[in-house]
Amino acid sequence: MKIIAYFILLFLGFGSAGCVGLEQDKDTLFQVSTINALLNGDYKGAMTFGELKRHGTFGIGTFDGLDGEMIGLEGGFYQIKADGIAYPVPDIMTTPFAVVTVFEADRTVTVKDSMSYEGLQRTVDELLPDTTLFYAIEINGMFTYIKTRSVPRQKEPYPPLVEAVKGQTIFEFHDIKGAIVGFRCPDSVKGVNVPGYHFHFITADKKAGGHLLACQLQEVTITVDYTSQFHMVLPQQDSASLQSVPNKDRAEELKKVEQE
Ligand SMILES: [Zn+2]
């Protein structure tokens, strides 16, 4: 009997790995397009979520037409639209910008102190061996306060992101259970991704959330996944949109769209 049970477990283990269909090393950050393309107003979906999930289901991003904030965790993707509601994402939907990985904990700590977003960033910084790698971060637990935003779907011709976020909706949560999901990227990604921290939030019941603007932690578990590899897929641009995209430094615009 023991032998039979052993073989069944082996088969199940093999079967589940096959279903995920992962095409890369687990310590890889997989990214669709660049943050500068998004800042430029390139909101056209470039990859389906069906394809994206083959590279990981933990991450953040947005949707075709900039239709809300994307968060991926526990094997599922969610779309938090400008109405503040989180919707499950079907495989056929597309993303113009997304960052995902296969999340595997390298470091876990429990924090019981009340802490702001700045305090959280300092605490995570202390957990990291160095600042040259990518880090995927999940913060799970109770939050005294959470402030998020989402953006409404844009119409073509698409405005730059700094214009689009002027129509953002702000959401506030008090004494809420949930998860913050995101990444810390090294300074070397300037123009490609967001140097430093970029987080999205979803409630524990997966019904609401958004792009994180502020938070106050109560009691949470912080889990960090060290990620040393980077794989970026660039959508092919048509020549008309290329001509309208000046190659300028968008650091100031990025600050405006990412922060409060
Ligand atoms: Zn965001």
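All of these numbers come straight from a predicted model, not from anything done at the bench.

A. Focus on the coordination of the zinc ion. Those protein atoms acting as donors to the zinc ion are H198 (NE2), H200 (NE2) and H211 (ND1), and they sit at 2.1 to 2.2 Å. One chain supplies every donor to the zinc ion, and in sequence these donors are spaced H-x1-H-x10-H. Linking H200 in strand β13 (residues 196–203) with H211 in strand β14 (residues 209–227), this pair joins segments that are 11 residues apart in sequence. H211 shares its class with H200; the two are buried.

B. View of the sheet that holds strand β8 (residues 98–101). Pairing is mixed in the open sheet, where 7 strands are placed in the order β6-β5-β4-β3-β8-β1-β15. A single partner strand is all that each edge strand has here, and the edge strands are β6 (86–88) and β15 (229–233). Going from strand to strand, the sheet's axes swing by 20 degrees on average, the running direction of each strand aside. In terms of strand pairing, strand β3 (residues 58–62) meets strand β4 (residues 69–73) through 4 bridges, oriented antiparallel. Across the sheet, G59 pairs through a bridge with G72, a residue of β4.

C. Broad picture of the pattern of salt bridges. Taken as a whole, this structure holds 12 salt bridges when the rule is applied. Salt-bridge contacts for D67 lead to R153; the nearest nitrogen and oxygen are separated by 3.5 Å. Of this pair, D67 sits in the loop between β3 and β4 while R153 sits in the loop between β11 (134–150) and α5 (161–164), placing them 86 residues apart in sequence. The shortest N-O distance in the salt bridge between K206 and E74 comes to 3.0 Å. One end of the pair, K206, is in the loop between β13 and β14; the other, E74, is in the loop between β4 and β5 (76–80), and 132 residues separate them in sequence.

Procedures and definitions
Residues numbered from 1 in each chain as written. Predicted model: local features only at pLDDT ≥ 70, side-chain atom pairs only at ≥ 80, totals over all residues. Heavy atoms only, no water. Donors = N, O, S within 2.8 Å, 3.2 Å for Na, K, Ca; no water. Helix = DSSP H or I, 4+ residues; strand = E, 2+ residues; numbered from the N terminus. Buried < 20%, exposed > 50% of the residue type's maximum accessible area, 1.4 Å probe, protein only. Pairing = 2+ DSSP bridges. Axes fitted to C-alpha atoms, helices over the stretch in contact; angles between N-to-C directions. Salt bridge = Lys/Arg side-chain N within 4 Å of Asp/Glu carboxyl O.

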